[in-house]
Structure formats: structure tokens, C-alpha cells
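Close look at the chain arrangement
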Amino acid sequence: MTLQGEYEPNAMDWVREQVEAYERSGGREANTLEGTDWPVVVVTMRGNKTGKIRKIALMRVEHDGEYALVASLGGAPQHPVWYYNLKAHPDEVTLQDGAERFAVRVREVSGDERATWWARAVEAYPPYAEYQERTDRTIPVFVASRKQ
Ligand code: F42
């Protein structure tokens with residue numbers, strides 16, 4: 001499943017290159033955070049202002065076929081702008097995990113559900129805990145579920 005529209009490469013070279021190598025190799029290359037063994041996934045979405053197709057890489061946090069998408073931005077004071085894309089177009093998202101790319105529906109989670117997914121996220125990628133220490137902003141967590 002692919003989203004229709006004009007692809008606008010990510011403004012950050014290292015992200016754009018990782019996304020493009022990941023997609024080109026069917027997830028066999030560029031599938032971990034640079035210099036680590038921590039796996040990543042590629043998320044494709046629709047821009048909430050331009051309507052263009054945007055792609056990012058995120059740490060892979062999977063549980064029973066669902067994925068957490070953690071809007072950490074390294075603990076920066078502001079959300080990454082992709083947060084606003086997912087809020088605006090939660091049904092126009094695909095996720096690639098390794099060779100498999102599939103359509104997902106995303107929803108921001110809160111309360112106990114967020115706490116459960118946050119624990120899974122920190123277990124998958126411990127630096128998330130440091131990122132949350134760095135900022136007063138509560139780092140948003142989306143859950144991506146496969147579309148039937
Ligand atoms: N970022 C995370 O937040 N969490 C992670 O777990 C994570 C892991 C990760 C692993 C590998 C890797 O290579 C990158 C990783 N990143 C992670 C970084 C992530 O891929 C994003 O690059 C980062 O989160 C920043 O996302 P961003 O959407 O804020 O990117 C900005 C810099 C950007 O691309 N801005 C564009 C620009 O031209 O300035 C606009 C992009 C956009 O979506 N525009 C929207 C549109 O309509 O087209 C409008 C958005 C708006 O509302 O302004």
C-alpha cells in the first residue's frame with residue numbers, strides 16, 4: 001500500500017538517507033540507529049500543511065503486531081512536526097518494518113495505556129527515558145495498528 005502524492009524528502013540529510021537506503025534495500029540495510037543495534041522502522045505520512053508525502057525513521061517498538069511511534073525529538077522542548085501530520089491524517093500512514101510495508105491507523109495514547117507503551121518504548125530504546133528527563137513536555141506516544 002502506498003500513499004498517493006508528491007514525496008518531499010526529509011529536511012535532515014541523515015534521516016533522508018536512512019529512509020531511502022532502508023526502502024531501497026527492503027529493510028536489509030540502514031535498519032538500525034546509526035552505530036547501534038537498535039532497530040528502526042520507516043513511517044510514511046501526509047503533511048498536514050502541504051499535503052505532501054513525508055517519511056521519517058523511528059525506533060522500532062513493537063508488541064503483538066502494534067507499534068509505538070514516540071515523538072521524542074531527542075528530548076527537545078517542542079514536538080517534532082510529524083506529530084501534527086499524524087494528528088491531522090491518522091488514517092494516511094504506512095509503516096515499514098524490515099521488508100514488510102503496511103497501512104496503519106495511528107492514535108495518540110494517554111493515561112495507563114500510554115504508561116504501558118512508554119515502558120515498552122524505554123525497554124526497546126533506553127535513551128527515551130533520558131529524553132523525557134530533558135524536557136517538561138510529555139513526549140507524545142502514538143500506537144499504530146494495522147488496517148484490516
Ligand atoms: N525521531 C523521534 O522523534 N523519535 C524517534 O524514535 C526517532 C528515531 C530515529 C531513528 C533513526 C533516524 O534516522 C531518525 C530518527 N528520528 C526519531 C528522527 C525522525 O526521523 C525525524 O527526523 C525527527 O523526529 C524530526 O522530525 P520533524 O518532522 O520535526 O522533521 C523536521 C526537521 C522536518 O522534516 N521539517 C520539514 C521542513 O521542511 O522543515 C517539514 C516536514 C513536514 O512534515 N511538514 C509538514 C507538511 O505539511 O509537509 C508540516 C509540518 C508542520 O505542521 O509544520
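In the block above lies the structure referred to throughout.
Residues numbered from 1 in each chain as written. Predicted model: local features only at pLDDT ≥ 70, side-chain atom pairs only at ≥ 80, totals over all residues. Heavy atoms only, no water.

This part covers a nonpolar patch on the surface. Side chains of Met 12, Trp 14 and Leu 73 sit close together on the surface and give an oily, nonpolar patch of about 310 Å² of accessible area. Looking at where Trp 14 falls in the secondary structure, it is placed in helix 1 (residues 13-24). On the basis of relative accessible area, Trp 14 is assigned to the exposed category, the value being 56%. (Patch = residues over 30% accessible without salt bridge, like charges linked within 9 Å, V, L, I, M, F, W, Y side chains within 5 Å. Areas by Shrake-Rupley, 256 points an atom, 1.4 Å probe, with all protein chains shown as cover. Salt bridge = Lys/Arg side-chain N within 4 Å of Asp/Glu carboxyl O. Helix = DSSP H or I, 4+ residues; strand = E, 2+ residues; numbered from the N terminus. Buried < 20%, exposed > 50% of the residue type's maximum accessible area, 1.4 Å probe, protein only.)

The local shell around the ligand holds 27 residues, among which Lys 49, Thr 50, Arg 54, Ala 57 and Tyr 128 are the closest. Contact distances for the ligand include 2.9 Å between a nitrogen atom and a backbone N or O atom of Val 70. Within the backbone of Leu 73, one N or O atom sits 2.9 Å away from an oxygen atom of the ligand. Burial of the ligand by the surrounding chains reaches 83%, relative to a free accessible area of 1000 Å². In this structure, the ligand is accommodated by the largest pocket. Those elements that place two or more of their residues in the shell around the ligand are helix 1, strand 2 (53-59) and helix 2 (82-88). (Near = heavy atom within 4 Å. Polar contact = N/O pair within 3.5 Å; in protein donor to acceptor, adjacent residues only side chain to side chain. 1 Å grid on protein atoms, 1.4 Å probe; cavity = no way out; pocket = protein on both sides within 12 Å on 5 of 7 lines; lining within 4 Å. Sits in = over half its atoms within 2 Å of the grid points.)

Further remarks concern the pattern of salt bridges. For the structure on display, the rule yields 12 salt bridges. The salt bridge partner of Glu 8 is Lys 52, with a shortest N-O separation of 3.0 Å. Remark: Lys 52 occurs in the loop between strand 1 (40-46) and strand 2 and Glu 8 occurs in the segment before helix 1; sequence separation between them is 44 residues. By relative accessible area, Lys 52 is classed as partly exposed at 24%. A salt bridge links Arg 105 to Asp 91; the nearest nitrogen and oxygen atoms lie 2.5 Å apart. With Arg 105 in strand 6 (residues 100-108) and Asp 91 in the loop between helix 2 and strand 5 (93-97), the pair connects residues that are 14 residues apart, well separated along the chain. By relative accessible area, which is 43% here, Arg 105 ends up partly exposed. Assessed through its relative accessible area of 35%, Asp 91 is described here as partly exposed. Because the salt bridges share partners, they merge into one network encompassing Glu 6, Glu 8 and Lys 52.

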